[in-house]
Amino acid sequence: MVTVIVFSGESLDAILHGQVVSPPKDLKKPRGKKCHFVKFFGTEDHAWIKVEQLKPYHPHKEEMIKINKGKRFQQAVDAVEDFLKKKEKQGGKEQVRQFSENVLYQTDPNPLWSTSIQAADSTAINGSIIPTDKRIGFLGLGLMGSGIVSNLLKMGHIVTVWNRTAEKCDLFIQEGARLGRTPAEVVSMCDITFSCVSDPKAARDLVLGPSGVLQGIRPGKCYVEMSTVDPETITELSQVITSRGGRFLEAPVAGSQQLSNEGMLVILAAGDRTVYEDCSSCFQAMGKTSFFLGEAGNAARMMLILNMVQGSFMATIAEGLTLAQATGQSQQTFLDILCQGQMASTFVDQKCQNILQGNFKPDYYLKHIQKDLRLAISMGDTANHPTPMAAAANEVYKRAKALDQSDNDMSAVYRAYIH
């Protein structure tokens, strides 16, 4: 094992000592990232740390000292030097040289995935996560919810499901899920209930409607809203859940149907921190990383900003493809060049290839990205902040919806430019 000294954050406010260790056999490594699995002493936490976020100690020592004048940083440097002196006494200068080459600074405060030692070092019988013994409920089995539930079940969680269209539950019942007849029944049967539905109205109806979530809430029950909605909706739902003694967390996810199926979503959480901690094994099953963003409403704001950027970018790519065609350029060559430059990404490659193949099978519904753009624009209005790029993109998506593309993938915005 390689021992490392890890300083967390550009300002190095938190100092952590750790070792690079072998991860549990089946623990998921972040895709496409070169990283080390680090065990931190003291906290007994583990994290995947990207290689490019680590700097060798000795070559960068003077640089770091100049940048960081704080007392805690100097104490950390002193601790490293003391540790190296002890190593020298134990094994000589050669051992110190080899060791100090592997003493590293972490230059980013956000690891790709951090977890507790219990979750990281122990393996369930059927996977890399020890599932919580809490009973899990899940409401909404759409593009995202279906993949999430499948991964919860694979990792050994006890899950009760409900969906407005009941037959969607059948596959998950076959995989071991239990069936709830109403949202209220699911909540009453479970310790933590997640919901993932299409829009603010659906989220409100699920909680406030007949046989809704609110009717099943009792003191201590946890409700986790995973739908992408506006912060006002989150505030309302948080208030009504907590007024009944319930505990509330919002946890919208960044990703797509494919990433949901692969358990590689990014979870943005806000609200009750203790609920976030109780959901640890669930979030590990469904995602590659999670962020806790503070008070309820912050995750909704961040999610809308992310989807605003993604939706605007997708519309711009479609505009570029159609302009290439209109000016006699090869669309495939345009894509090949794009994928060799700074904007190269799996997202660009997959969406463009699907466009060129005429494949608009939904991975993220066009109607949902247009809804997110609309909510982001409204959020900008509330903050008195201009969103002209999002507004322009929103008009293109509205045109695509008028061309009956709502239930196709967001990449079908391309068709707004060719009709």
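Residues numbered from 1 in each chain as written. Predicted model: local features only at pLDDT ≥ 70, side-chain atom pairs only at ≥ 80, totals over all residues. Heavy atoms only, no water.

The name an unreviewed UniProt entry gives the protein chain is Cytokine-like nuclear factor N-PAC, with Esox lucius as the organism. Note on the protein chain: under the UniProt heading Sequence similarities (unreviewed entry), the record states "Belongs to the HIBADH-related family. NP60 subfamily." According to its UniProt record, the protein chain has this under Subcellular location (unreviewed entry): "Chromosome". (UniProt positions renumbered as here; feature names shortened; annotations may be inferred.)

Asker: Explain the pattern of salt bridges residue by residue, including any values.
Answerer: For the coordinates displayed, the defined rule picks out 11 salt bridges. Among the salt bridges present, the one from lysine 351 reaches aspartate 409, with a minimum N-O distance of 2.9 Å. Here the residue lysine 351 occupies a position in helix 15 (residues 346-357), and aspartate 409 occupies one in the segment after helix 17 (388-402), the gap between them amounting to 58 residues. One exposure class covers both lysine 351 and aspartate 409, and it is buried. The partner of lysine 398 in a salt bridge is glutamate 395, and the shortest N-O contact between them spans 3.2 Å. In this pair, lysine 398 and glutamate 395 both sit in helix 17, three residues apart, roughly one turn of the helix. Looking at glutamate 395, the relative accessible area reads 46%, which means it is partly exposed. Through salt bridges with shared partners, a single network forms among Arg247, Asp272 and Asp278. (Salt bridge = Lys/Arg side-chain N within 4 Å of Asp/Glu carboxyl O. Helix = DSSP H or I, 4+ residues; strand = E, 2+ residues; numbered from the N terminus. Buried < 20%, exposed > 50% of the residue type's maximum accessible area, 1.4 Å probe, protein only.)

Asker: Before we move on, can you summarise helix 9 (residues 231-243) with the specific residues and values?
Answerer: A turn of α-helix holds 3.6 residues, and therefore any two residues three or four places apart point the same way. Taking 1.5 Å per residue as the helical rise, helix 9 with its 13 residues ought to reach 18 Å, and the 18 Å between its terminal C-alpha atoms agrees with that figure. Residues Pro231, Thr233, Ile234, Leu237, Ser238, Val240 and Ile241 constitute the buried set of helix 9. (Expected span 1.5 Å × (residues − 1).)

Asker: Can you break down the packing of aromatic side chains residue by residue, with the values?
Answerer: Under the definition given, this model contains six aromatic pairs. Both rings, one in phenylalanine 194 and one in phenylalanine 283, keep their centres 6.3 Å apart while their planes meet at 70°; by these two values the pair is edge-to-face. Taken as a pair, phenylalanine 194 in strand 11 (residues 192-195) and phenylalanine 283 in helix 12 (residues 280-286) lie far apart in primary sequence, 89 residues in all. For phenylalanine 283, a relative accessible area of 1% corresponds to the buried category. Note on tyrosine 223 and phenylalanine 248: the rings are 6.4 Å apart at their centroids and 40° apart in plane angle, and the pair reads as tilted. Pair noted here: tyrosine 223 is in strand 12 (residues 222-225) and phenylalanine 248 is in strand 13 (residues 247-250), with a separation of 25 residues, a long-range link. Accessibility classification places tyrosine 223 together with phenylalanine 248 in one group, the buried group. An aromatic cluster is defined as three or more aromatic residues linked by ring pairs; in this entry it consists of Phe138, Phe194, Tyr276, Phe283 and Phe292. (Phe/Tyr/Trp six-rings, centres within 6.5 Å; stacked < 30°, edge-to-face > 60°.)

Asker: Before we move on, can you summarise the layout of surface pockets with the specific residues and values?
Answerer: Within this model, the largest pocket holds a volume of roughly 1100 Å³. Taken together, 32 residues make up the lining of the largest pocket; nearest its centre are Gly255, Ser256, Leu259, Gln310 and Phe347. For the lining of the largest pocket, the elements supplying multiple residues, two or more each, are helix 10 (257-261), helix 13 (298-326) and helix 15. Per-class residue counts for the lining of the largest pocket are 12 nonpolar, 13 polar and seven charged. Computed from the structure, the second largest pocket encloses a volume of approximately 820 Å³. For the lining of the second largest pocket, the per-class residue count stands at 14 nonpolar, 12 polar and nine charged. (1 Å grid on protein atoms, 1.4 Å probe; cavity = no way out; pocket = protein on both sides within 12 Å on 5 of 7 lines; lining within 4 Å. Points joined across faces, edges and corners; volume = space filled by probe spheres on them. Nonpolar A, V, L, I, M, F, W, Y, C, P; charged D, E, K, R; others polar.)

Asker: If you had to explain the environment of glutamate 185 to someone new, which residues and values would you point to?
Answerer: Take glutamate 185: it is sitting in helix 6 (residues 183-189). Under the relative-accessibility criterion, glutamate 185 is labelled buried at 18%. Distance from glutamate 185 to glutamine 215, taken between C-alpha atoms, is 8.5 Å for residues 30 residues apart in sequence. For glutamate 185, the residues in contact, after removing those within four places along its chain, are Leu179 and Gly180. (Contact = heavy atoms within 4.5 Å.)

Asker: Describe the pairing of strand 12, naming the residues involved and giving the relevant values.
Answerer: With burial as the criterion, each face of strand 12 is covered, one bearing Cys222 and Val224 and the other bearing Tyr223 and Glu225. Where strand 11 lies against strand 12, four bridges are found, and the strand directions are parallel. Considered in strand 12, the bridge of phenylalanine 194 is made with valine 224. By the bridge criterion, four bridges tie strand 12 to strand 13 in an arrangement that is parallel. Within strand 13, the residue paired with glutamate 225 across the bridge is glutamate 250. As a crossover connection, the stretch from strand 12 through helix 9 into strand 13 is right-handed. (Pairing = 2+ DSSP bridges. Right-handed = clockwise from strand over helix to strand, strands pointing away.)

Asker: Describe the nonpolar core, and please don't skip the residues or the numbers.
Answerer: In terms of nonpolar packing, the biggest core is built from 34 residues, with Phe138, Leu152, Phe194, Val224, Met226, Phe283 and Met286 touching the most fellow members. Mapped by element, the contributors of at least two residues to this core are strand 8 (136-139), helix 4 (143-154), strand 9 (159-162), strand 11, strand 12, strand 15 (265-271), helix 11 (273-278) and helix 12. In terms of residues, this core owes the most to one element, helix 4, which gives five residues. (Core = buried A, V, L, I, M, F, W, Y, C linked by side-chain atoms within 4.5 Å.)

Asker: Report on helix 16 (residues 366-382), specifying residues and quantitative values.
Answerer: Its 17 residues place the ends of helix 16 25 Å apart at the C-alpha level, agreeing with the 24 Å of an ideal helix rising 1.5 Å per residue. The element helix 16 is extensively covered by neighbouring structure, given that 12 of its 17 residues are classed as buried. All buried positions along helix 16 are accounted for by Leu366, His368, Ile369, Gln370, Lys371, Asp372, Leu373, Leu375, Ala376, Ile377, Met379 and Gly380. Those residues of helix 16 hidden inside the fold are in contact with helix 7 (200-208), helix 9, helix 13 and helix 17. A positive backbone phi angle near 55° is found at asparagine 384, which sits one or two residues after helix 16.

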